[in-house]
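The primary structure of each chain is shown beneath.
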Amino acid sequence: FSPIDTQPYIVTNFPPVYLLLTGAVNTIFNAPFFSARLVSAVGTTVAAIFIALIVKKSSPAETQVGVLAGLIYLLSPYVTSSGATASPDNLGMAISMGAIYWFLTREGKTKIVGAAFFAAVAPLAKQSLLGAPVGIFLALLWKRKLKQAAIFASIVGIVGFGTLSM
């Protein structure tokens with residue numbers, strides 16, 4: 001492999017969030033591959049924690065079920081093979097799970113604004129992670145909270161497309 005800090009630079013199709021976080025971590029460690037793997041590993045761990053918290057919130061009497069769900073995520077073959085590689089998948093998953101957790105645990109305007117922010121950033125970490133924004137939007141429609149659904153969709157659109165147009 002050729003060095004990545006000299007021309008020709010590596011071309012990537014990763015969205016901006018993963019690259020920005022990796023670049024920020026790299027300013028601390030000055031080791032590009034380590035920094036990329038660290039961001040991926042932290043994303044994997046945070047995703048597992050959010051999964052555990054979401055499941056615990058859904059079944060409050062069973063804390064063990066939440067822990068088990070997080071462990072199942074961590075031990076699934078895809079996650080164990082990609083968790084510490086330089087890949088945005090698990091970082092995007094962590095942000096998506098953060099959006100869902102925020103949506104389930106907050107009330108009022110902060111519930112919609114925070115969930116919308118996380119839901120807009122998730123596809124900017126991994127392009128295919130549209131499940132959280134679509135799921136939260138559909139949950140709001142299902143509950144007939146049309147004004148909140150419109151606000152949510154507007155914030156996701158403004159943050160998401162605004163970021164991409166920079």
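Above this note sits the structure.
Here is what the cut-offs are and how they apply
- Residues numbered from 1 in each chain as written.
- Predicted model: local features only at pLDDT ≥ 70, side-chain atom pairs only at ≥ 80, totals over all residues.
- Heavy atoms only, no water.
- Helix = DSSP H or I, 4+ residues; strand = E, 2+ residues; numbered from the N terminus.
- Expected span 1.5 Å × (residues − 1).
- Buried < 20%, exposed > 50% of the residue type's maximum accessible area, 1.4 Å probe, protein only.
- Arc of directions from axis to C-beta.
- Phe/Tyr/Trp six-rings, centres within 6.5 Å; stacked < 30°, edge-to-face > 60°.
- Lys NZ or Arg CZ within 6 Å of the ring centre and 35° of its normal.
- Contact = heavy atoms within 4.5 Å.
- Salt bridge = Lys/Arg side-chain N within 4 Å of Asp/Glu carboxyl O.

Draft legend 1. Here's a closer look at helix α3 (residues 63-75). Helix length check: α3 (13 residues) gives 19 Å between terminal C-alpha atoms against 18 Å at 1.5 Å per residue, within 8%. Buried within α3 are the following residues: G66, A69, G70 and Y73. Down the axis of α3, the buried set is contained in an arc of 95 degrees. They therefore lie on one face. Along α3, exposed side chains directed more than 90 degrees from the buried face belong to Q64, I72 and L75.

Draft legend 2. Representation of the packing of aromatic side chains within the structure. Under the defined criterion, the tally for this structure stands at four aromatic pairs. Ring geometry for F29 and F34: centres 5.1 Å apart, planes at 80 degrees, overall edge-to-face. Here a set of aromatic residues connected by ring pairs shows up, and it is made of W102, F117 and F118. Over the face of the ring belonging to W102 we find R106, whose NZ or CZ atom lies 4.1 Å from the ring centre. The ring centre of F103 lies 4.5 Å from the NZ or CZ of K111, which sits over that ring.

Draft legend 3. Fine view of the environment of T85. The residue T85 is located in the loop between α4 (77-82) and α5 (89-105) in this model. In this structure the C-alpha to C-alpha distance between T85 and I158, which are 73 residues apart in sequence, comes to 31 Å. When residues no more than four places from it in sequence are discounted, the contact partners of T85 are A36, R37 and S40.

Draft legend 4. Broad picture of unusual backbone geometry. Despite not being glycine, N30 shows a phi value in the positive range, around 55 degrees. Mapped onto the elements of the fold, N30 is located in the loop between α1 (16-29) and α2 (32-58). When its relative accessible area of 66% is taken as the criterion, N30 is described as exposed.

Draft legend 5. Representation of α1 within the structure. With 14 residues, α1 should reach 20 Å at 1.5 Å per residue; the first-to-last C-alpha distance of 20 Å fits that figure. Taken together, the buried positions of α1 are occupied by V17, Y18, T22 and V25. One side of α1 holds all its buried residues, which, seen down the axis, span an arc of 125 degrees. Facing away from the buried side of α1 by over 90 degrees, the exposed positions are L20 and T27. Of the surrounding elements, those touching the buried residues of α1 are α2, α5 and α6 (108-125). N30 lies just past α1 and shows a positive phi near 55 degrees.

Draft legend 6. Highlighting the pattern of salt bridges. Under the criterion given, the structure shown has one salt bridge. The closest approach of N and O atoms between K126 and D89, which form a salt bridge, is 3.3 Å. Note that K126 is positioned in the loop between α6 and α7 (131-142) and D89 in helix α5, a separation of 37 residues in sequence.

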